[in-house]
Amino acid sequence: MKLILLGPPGAGKGTQAKRLEDKYGFVQLSTGDMLRAAVAAGTEVGKKAEAIMARGELVPNDVVVGIIAERIEQPDVAKGYILDGFPRNVAQAEALDEMLKGKGTELDAVVELKVDDSILLARIEGRAAETAGGARADDNAEALAKRLTVYHEQTAPLIAYYKGKGKLKTVDGMKDMDEVTRQIEAALGL
Ligand code: AMP
């Protein structure tokens, strides 16, 4: 199963991806996690990404496309994977399509977690307050608001992109976590 979880920051993509990983063995591939690891390790990629991430903007496409291209070649993803936070714009989606085509395969589905902005703003402000001075450099109100704007401008067009390819399944991300998991499983026939 090759899957994308699509949705705005704070929609619960990471939580749901982790659940699907635990239950079905599909590997969660979060470009955000990989970039944060690169920043922590002080690699070249990390140095390029750090300030951009702190502002809530997107890291250049070639960087994230390169990371994913390398990652999906690893043997541990043979059972399948869940892309969480990638692709973030149409150019990345096209690069992914090409990558998969080159391997003679394609995505199984794209699951959109749909959440209203008003709920997201409340969730992300809560997260900013919770982690003040803590784990993530981009969990401050300003960067979170920027990430939401970037989502609408650059990532939301992927909804139409994948709908056009007949891959899109939409789930109500405002329900409680267990119900969202059930809806995802139903949408995927799991
Ligand atoms: P996330 O953990 O998915 O919210 O990602 C955190 C940050 O990492 C984003 O705000 C971007 O700066 C960067 N990032 C993660 N995934 C991507 C991507 N696919 N393309 C560009 N930047 C990304």
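Higher on the page you've got the structure.
How each quantity is defined
Residues numbered from 1 in each chain as written. Predicted model: local features only at pLDDT ≥ 70, side-chain atom pairs only at ≥ 80, totals over all residues. Heavy atoms only, no water. Helix = DSSP H or I, 4+ residues; strand = E, 2+ residues; numbered from the N terminus. Rg over C-alpha atoms; globule rule 2.2 N^0.38 Å. Buried < 20%, exposed > 50% of the residue type's maximum accessible area, 1.4 Å probe, protein only. Contact = heavy atoms within 4.5 Å. Polar contact = N/O pair within 3.5 Å; in protein donor to acceptor, adjacent residues only side chain to side chain. Axes fitted to C-alpha atoms, helices over the stretch in contact; angles between N-to-C directions. Parallel < 35°, antiparallel > 145°, perpendicular 65-115°, else oblique. Left-handed = near helix turned anticlockwise from the far one by under 90°. Near = heavy atom within 4 Å. Areas by Shrake-Rupley, 256 points an atom, 1.4 Å probe, with all protein chains shown as cover. Arc of directions from axis to C-beta.

A. Just the overall build of the protein, in detail. Across its full length, the protein carries nine helices and five strands. Its helices and strands taken in sequence order, the protein reads β-α-β-α-α-α-β-α-β-α-α-α-β-α from the N to the C terminus. Its C-alpha atoms give the protein a radius of gyration of 16 Å, within 12% of the compact-globule value 16 Å for 190 residues. Overall, the protein is about 45 × 40 × 30 Å in size when its C-alpha atoms are taken along their principal axes. For the protein, the residues scored as buried account for 44% of the 190 residues in total. Within the protein, contacts between residues at least 6 apart in sequence are counted, and of these 74% link residues at least 24 apart.

B. Layout of the environment of V45. Take V45: it is sitting in helix α3 (residues 44–55). In this view, V45 contacts L35, A38, V63 and I67; residues no more than four positions away in its chain are not counted.

C. A look at the side chain of Q28. Its place among the elements puts Q28 in strand β2 (residues 27–30). Judged by its relative accessible area of 16%, Q28 is buried. At a separation of 2.8 Å, a polar atom in the side chain of Q28 contacts the side chain of D84.

D. Summary view of the packing of helix α1 (residues 13–24) against helix α9 (residues 177–188). The contact between α1 and α9 brings their axes to 10 Å, and the two run at 60°. Put simply, α1 runs oblique to α9. Note on packing geometry: the crossing formed by α1 with α9 is right-handed. Between α1 and α9, the residues in contact are T15, Q16, R19, L20, K23 and Y24 and M177, D178, V180, T181, I184 and E185, respectively.

E. Representation of unusual backbone geometry in the model. Of note, the bond from F86 into P87 is cis; its omega dihedral lies within 30 degrees of zero at -5°. By the element assignment, P87 lies in the loop between β3 (81–84) and α5 (90–102).

F. View of the environment of T15. Assignment of secondary structure puts T15 in helix α1. Considering only alpha carbons, one finds T15 and M177, 162 residues apart in sequence, at a separation of 8.3 Å.

G. View of the site of the ligand. Neighbouring residues of the ligand: 16 residues in total, closest T31, R36, E57, G85 and Q92. Between the ligand and R36, the relevant distance is 3.0 Å, taken from an oxygen atom to a side-chain nitrogen or oxygen of the residue. Separating an oxygen atom of the ligand from a side-chain N or O atom of R88 is a distance of 3.1 Å. Expressed as a share of its isolated accessible area of 470 Å², the protein-covered part of the ligand is 95%.

H. Focus on helix α2 (residues 31–41). Buried residues of α2: T31, G32, M34, L35 and A38, and no others. End-on view of α2: buried residues confined to an arc of 165°, all on one side of the axis. Residues of α2 that are exposed and point more than 90 degrees away from the buried face comprise A40 and A41. Of the surrounding elements, those touching the buried residues of α2 are β2, α3, α4 (61–71) and β3. Of the residues trailing α2, G42 is marked for its positive phi of about 70°.

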